[in-house]
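# Working through the structure, step by step
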Amino acid sequence: MGADTHRGIFGEIACAAVATSSACMFTNPMEVVKTRMQMQGELVARNQAQKVYRNALHCFYKVAADEGLRGIQSGLKAGMIYQVMMNGSRLGLYNPIKEAYGGGRGGNEAGRVLTSVAAGATTGAIGGAVGSPLFLVKARMQNAGNKAGRYSYQYAGVIDGVRQILKQEGVRGLFRGVEGSILRVMVGSSAQLSSYDTCKRYVEWSGAISGGVATHLTASLMSGLVVTTAINPFDVVSTRLFSQQVKGSEGALYKSGIMGPFDCMAKMFKAEGFAGFYKGWTAQYLRLGPHTVLTFLFWEQAKIVYDKTVLL
């Protein structure tokens, strides 16, 4: 992901939106599994929690067996729209913002990594805010059949979800938990984009792989491992803020506003310990690893197609 901005911001956003929404079609089942695993045993000590799902693969099997294709692909439309809104802006703005921060103008490796981290965090904050309402709907839809969760919402679809939220919580309700969403995407974005850039340069420097798709695949797999470890605690927090029952204008479990994520972290650590922050890690990587691979593969190809067709 060099700092080539000849496509303009619209072109960069379009290519990123196509890539991430396409990847979502393949990885959404593990997003469902990840959400269910993260909500299991919420604020309950590990030795006292009801364990409906033994692990990620058992969860996948149980959801598919009990709820069918509709269950294992729940929230797909919301997820694809979320990818367009969040990742379209996050990845699409990454190269222009990295260029504005001085990326791609020489300098040492440490400087390039810091520039990538700063650009990733900036675009992550933007993408997290823009995509938050759709992540809210998606998370609630994917948790709908969770027998191990405290509370679940029942939406017939994306439009019904938005309609119910507006009716019951108002416009403010669509941005419930946005603080956690911004924090989550900032951490994930800076980790993903900087680690992918670094891994890609290392793979190219090592000469172990000839280049092309194999280089992107290797760098994406390496980047996915870094991102999963970095983002999982914030992802658990974000999912729980979105999925909690709302009473009046406040969440039943966690505070609203800027203190929401920190209140959730404190309560989770007290009840579940450090392990609570890494619930769903395996499902997260089984989703994020392939999603990262597919996103960057589709993104590189989308840019090639865009350059050949739109920029002729």
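Residue numbering note: each chain is counted from 1, following its sequence as written. Residues qualify for local features only when their pLDDT is at least 70, as the model is predicted, and side-chain atom pairs are given and counted only at 80 or more; totals for whole chains, interfaces and linings, by contrast, use all residues. In computing side-chain values, all of the structure's heavy atoms are included and hydrogens and water are not.

For the rest of this paragraph, the subject is the overall build of the chain. Check the secondary structure of the chain and you find 10 helices and 2 strands. Secondary structure elements follow DSSP: runs of H or I no shorter than four residues count as helices, runs of E no shorter than two count as strands, and numbering proceeds from the N terminus. Its helices and strands taken in sequence order, the chain reads α-α-α-α-α-α-α-α-β-β-α-α from the N to the C terminus. Based on C-alpha atoms, the radius of gyration is set beside the globule rule, defined as 2.2 Å times the residue count to the power 0.38. Here the C-alpha atoms of the chain give a radius of gyration of 19 Å, agreeing with the 20 Å that 2.2 N^0.38 yields for 312 residues. Across its three principal directions, the C-alpha atoms of the chain cover 55 × 40 × 35 Å. Buried positions account for 52% of the 312 residues belonging to the chain. Each residue is placed in one exposure class: buried if its accessible area under a 1.4 Å probe, protein chains only, is under 20% of its type's maximum, exposed if it is over 50%, and partly exposed if it falls in between.

A word on the environment of I97. Within the secondary structure, I97 is located in helix α4 (residues 94-100). Of the residues examined, I97 reaches a relative accessible area of 17% and is grouped as buried. For the pair I97 and R150, spaced 53 residues apart in the sequence, the C-alpha separation amounts to 41 Å.

A separate point is the packing of aromatic side chains. To describe a pair of aromatic rings, you give the distance between the ring centres and the angle between the ring planes. A pair of Phe, Tyr and Trp rings is counted when the ring centres sit within 6.5 Å of each other, with Trp represented by its six-membered ring. The angle between the planes then sorts it: under 30 degrees is stacked, over 60 is edge-to-face, the rest tilted. For the structure shown, the criterion picks out 9 aromatic pairs. Ring centres 6.5 Å apart and planes at 40° place the aromatic pair F26 and F298 in the tilted group. A residue pair is termed long-range when its members are at least 10 positions apart, and F26 in helix α1 (residues 8-39) and F298 in helix α10 (residues 281-309) qualify at 272 residues. Between the aromatic rings of Y202 and W205, the centroid separation amounts to 5.9 Å while the plane-to-plane angle is 35°, which identifies the pairing as tilted. Of this pair, Y202 and W205 both sit in helix α7 (residues 178-206), 3 residues apart, which is roughly one turn of that helix.

Let's shift gears to the pattern of salt bridges. Where side chains of opposite charge bring their charged atoms close, a pairing between them can arise. For this document, the term salt bridge refers to a Lys or Arg side-chain nitrogen within 4 Å of an Asp or Glu carboxyl oxygen. Tallied over the full model, the rule gives 14 salt bridges. The salt bridge involving D235 is made with R184; its shortest N-O contact spans 2.4 Å. Remark: R184 occurs in helix α7 and D235 occurs in helix α8 (residues 213-243); sequence separation between them is 51 residues. Across the pair, exposure class does not vary: D235 and R184 are buried alike.

This next bit is on a nonpolar patch on the surface. Where nonpolar side chains cluster on the molecular surface, the patch consists of L166, V171 and F175 and spans about 270 Å² of accessible area. Of note, F175 is situated in the loop between α6 (158-174) and α7. A relative accessible area of 39% places F175 in the partly exposed class. The patch calculation keeps residues exceeding 30% relative accessible area without a salt bridge and links them within 9 Å when they carry like charges or within 5 Å when they are nonpolar (Val, Leu, Ile, Met, Phe, Trp, Tyr). For every accessible area listed, the method is Shrake-Rupley and the probe measures 1.4 Å; residues are considered covered only by the protein chains on display.

This paragraph deals with the environment of G161. Residue placement: G161 occurs in helix α6. G161 sits 40 residues away from A121 along the chain, and the two C-alpha atoms are 29 Å apart. By definition in these notes, contact holds between two residues if any of their heavy atoms fall within 4.5 Å. Not counting the four nearest positions on each side in its chain, G161 is found in contact with V137 and Y155.

Side-chain atoms within 4.5 Å link the members of a nonpolar core, which is a set of buried Ala, Val, Leu, Ile, Met, Phe, Trp, Tyr and Cys residues. The biggest cluster of nonpolar side chains holds 17 residues, and the ones touching the most others in it are Y82, V137, Y155 and I165. Of all the elements in the fold, those that place two or more residues in this core are α3 (76-92), α5 (109-142) and α6. With 6 residues, the top contributor of residues to this core is α5. Every residue in contact with I165, bar those within four places of it in the chain, is listed here: L136, V137, R140, Y155, G170, G173 and L174. The next biggest cluster of nonpolar side chains, apart from the first, holds 16 residues, and it includes C15, I97, L193 and W299.

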